[in-house]
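Now for the letters of each chain:
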Amino acid sequence: MKSLQLKFPGSLEGIQWTDAAAPVVGEYDVLVRVKATSLNYRDYAFIIGKYPVVKPLPVVLGSDAAGIVERVGSKVTRFVPGDRVISLLRQRWYGGKLDAFKASLQLGASVDGVFTEYISFHEQSIAKAPSTLSFEEAATVPTAGLTAFRVLTQSGIQAGDTVLIQGTGGVSLYALQLAKRMGLRTIVTTGKKDNEEFLRQLGADVIVNYKLHPHWSQQVLELTHSRGVDLVIDVAGGSSVQESIHATAVNGEVALIGFLEDTKTAIDLVSVIRRNIRLQAYTTGSREDLEQFVKFLEVNPVRPVIAGVYDDYYTAFKVFEGNKTPGKIIVRTPGV
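The notes below deal with the structure included here. Every value quoted in this text rests on a predicted model; they were computed, and no experiment measured them.

Another aspect to go through is the sheet that holds strand β13 (residues 248-256). Across the sheet, which stays open at both edges, the six strands sit in the order β11-β10-β9-β12-β13-β14 with parallel pairing between neighbours. The two strands at the open ends of the sheet, each matched to only one other strand, are β11 (206-209) and β14 (278-281). Going from strand to strand, the sheet's axes swing by 20 degrees on average, the running direction of each strand aside. In the sheet, strand β10 (residues 185-190) pairs with β11 via four bridges, with the strands oriented parallel. Within β11, the residue paired with Val188 across the bridge is Ile207.

In this section: the packing of aromatic side chains. Pairs of aromatic rings are described using the distance from one ring centre to the other and the angle between the two planes. Taken as a whole and assessed by the stated rule, the structure comprises 10 aromatic pairs. With 6.1 Å between their ring centres and 70 degrees between their planes, Tyr174 and Phe293 make a pair best called edge-to-face. One end of the pair, Tyr174, is in helix α5 (residues 170-181); the other, Phe293, is in helix α10 (residues 287-299), and 119 residues separate them in sequence. Judged by its relative accessible area of 2%, Tyr174 falls in the buried class. What makes Phe293 buried here is its relative accessible area of 0%. Among the aromatic residues, those joined into a ring-pair cluster are Trp17, Tyr41, Tyr44, Phe115, Tyr313, Phe317 and Phe320. Across from the ring centre of Phe135, 4.6 Å away, lies the NZ or CZ of Arg84, which sits over that ring.

So, on to the side chain of Asn40. Residue placement: Asn40 occurs in the loop between β3 (29-38) and α1 (41-48). Using a relative accessible area of 7% as the deciding quantity, one classes Asn40 as buried. At a separation of 3.1 Å, a polar atom in the side chain of Asn40 contacts the side chain of Asp64. With sequence-adjacent residues up to four places away left out, Asn40 is seen in contact with Ser63, Asp64, Thr143, Ala144, Phe320 and Lys328.

Considered for burial, the residues of helix α7 (residues 216-223) that qualify are Trp216, Ser217 and Val220. All buried residues of α7 fall inside an arc of 105 degrees around its axis, so they share one side. Contacts made by the buried residues of α7 are with β9 (162-166), β10, β11, β12 (229-234) and α8 (240-246).

Further remarks concern the pattern of salt bridges. According to the stated counting rule, one finds 15 salt bridges in the structure shown. Glu253 is the partner of Arg278 in a salt bridge, and the nearest nitrogen-oxygen pair spans 3.3 Å. Here Arg278 is found in strand β14, whereas its partner Glu253 is found in strand β13, with 25 residues between them in sequence. By relative accessible area, Arg278 is classed as partly exposed at 40%.

Any two packed helices are characterised by the angle at which their axes cross and by the distance between the axes. At a minimum axis separation of 10 Å, helix α4 (residues 141-154) and α10 run at an interaxial angle of 90 degrees. On the basis of the axis angle, α4 is roughly perpendicular to α10. Two secondary-structure elements touch here, α4 through Val141, Pro142, Gly145, Leu146, Phe149, Arg150 and Gln154 and α10 through Asp289, Leu290, Gln292, Phe293, Phe296 and Leu297.

What follows covers the environment of Asp230. Among the structural elements, Asp230 can be located in strand β12. Residues Asp230 and Ala281, spaced 51 residues apart in sequence, show a C-alpha to C-alpha distance of 16 Å. A polar atom in the side chain of Asp230 sits 2.8 Å from the backbone nitrogen of Thr162. There is a polar contact of 2.7 Å between the side chain of Asp230 and the side chain of Arg227.

A few words on the sheet that holds strand β4 (residues 59-60). With antiparallel pairing, three strands are arranged side by side in an open sheet as β2-β1-β4. With one partner strand each, in any of the chains shown, β2 (15-19) and β4 form the two edges of the open sheet. Pairing geometry for strand β1 (residues 2-6) and β4, over two bridges, is antiparallel. When the sheet's bridge partners are listed, Gln5 is paired in β4 with Val60.

Let us look at the environment of Gly191. By secondary structure assignment, the location of Gly191 is in the loop between β10 and α6 (196-202). Since its relative accessible area comes to 16%, Gly191 is described here as buried. When the C-alpha atoms of Gly191 and Gln91 are compared, they prove to be 36 Å apart, with 100 residues separating the residues in sequence. In this structure, Gly191 is in contact with Asn209, Tyr210 and Lys211, ignoring residues within four places of it in sequence.

About the cut-offs
Residues numbered from 1 in each chain as written. Predicted model: local features only at pLDDT ≥ 70, side-chain atom pairs only at ≥ 80, totals over all residues. Heavy atoms only, no water. Pairing = 2+ DSSP bridges. Helix = DSSP H or I, 4+ residues; strand = E, 2+ residues; numbered from the N terminus. Axes fitted to C-alpha atoms, helices over the stretch in contact; angles between N-to-C directions. Phe/Tyr/Trp six-rings, centres within 6.5 Å; stacked < 30°, edge-to-face > 60°. Buried < 20%, exposed > 50% of the residue type's maximum accessible area, 1.4 Å probe, protein only. Lys NZ or Arg CZ within 6 Å of the ring centre and 35° of its normal. Polar contact = N/O pair within 3.5 Å; in protein donor to acceptor, adjacent residues only side chain to side chain. Contact = heavy atoms within 4.5 Å. Arc of directions from axis to C-beta. Salt bridge = Lys/Arg side-chain N within 4 Å of Asp/Glu carboxyl O. Parallel < 35°, antiparallel > 145°, perpendicular 65-115°, else oblique.

The analysis is restricted to geometry; functional conclusions fall outside its scope.
Written as structure tokens, this is what we have:
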């Protein structure tokens, strides 16, 4: 079989679709034929060397996949051949709070990931795919979708509250659609005028262009009559965190998701303490969280925004690198 391996970090020249050993299937394991995968910023960050992998190189990249069960071990009870399944980023996080042990086994970082034709999982480390979504759509669920779902369901916001969402990435677009389903008022920031009508059609109540308004928190305060928003979903990191804090209401929360900008930033603690603002980091979630999200999707017709579907990873990452179209980049596994 073939897999996408990161041979050396620094640029896209370090990745290669290459021959790999067939996966071993133990008595509690499930062999999955990968049908579609989704690109995340973490994958690109590994490639360019911005985020270090744990496993010695070469490593098979990828955390998000949808596929079909081909074979199960003799003691597997959760799945049968033919089941449609999705991956789980943190392979040991079955439920409960995250701890060091549960965080230690991450696809595409400390163990080989899902950018491959076949992969073997322990039966506890995957979930059934939503029956309402195609393989391409289901491949967006484990990281982008689940992260957005956890923020909106665990931050304590309620119907009628206001959430500010940054940008048009995978987490942000999922968050926008889910927020509208949950009865939240939405403010979305973007730096591209061309994206504004698209965001309105997707459900954005108000749009703020941060290129026209670099101190966009001032615009948010004007829009909320100086109150601020109940939740900010901050996917950029860096200098945007302080803007997020300024835009947040008393007792509100800034959900820290990503680091598109510099991973280091200075913040004004007085502005945090004075208004009792929570700064809360979010990662993807446990298998129980993922299964809860799948149940939500089964009864709520939320369809992920897909920017493009490709047949090879190099082309897909080049498109990802250009960052010109809102939505997720999908790769159909070659040969399927």
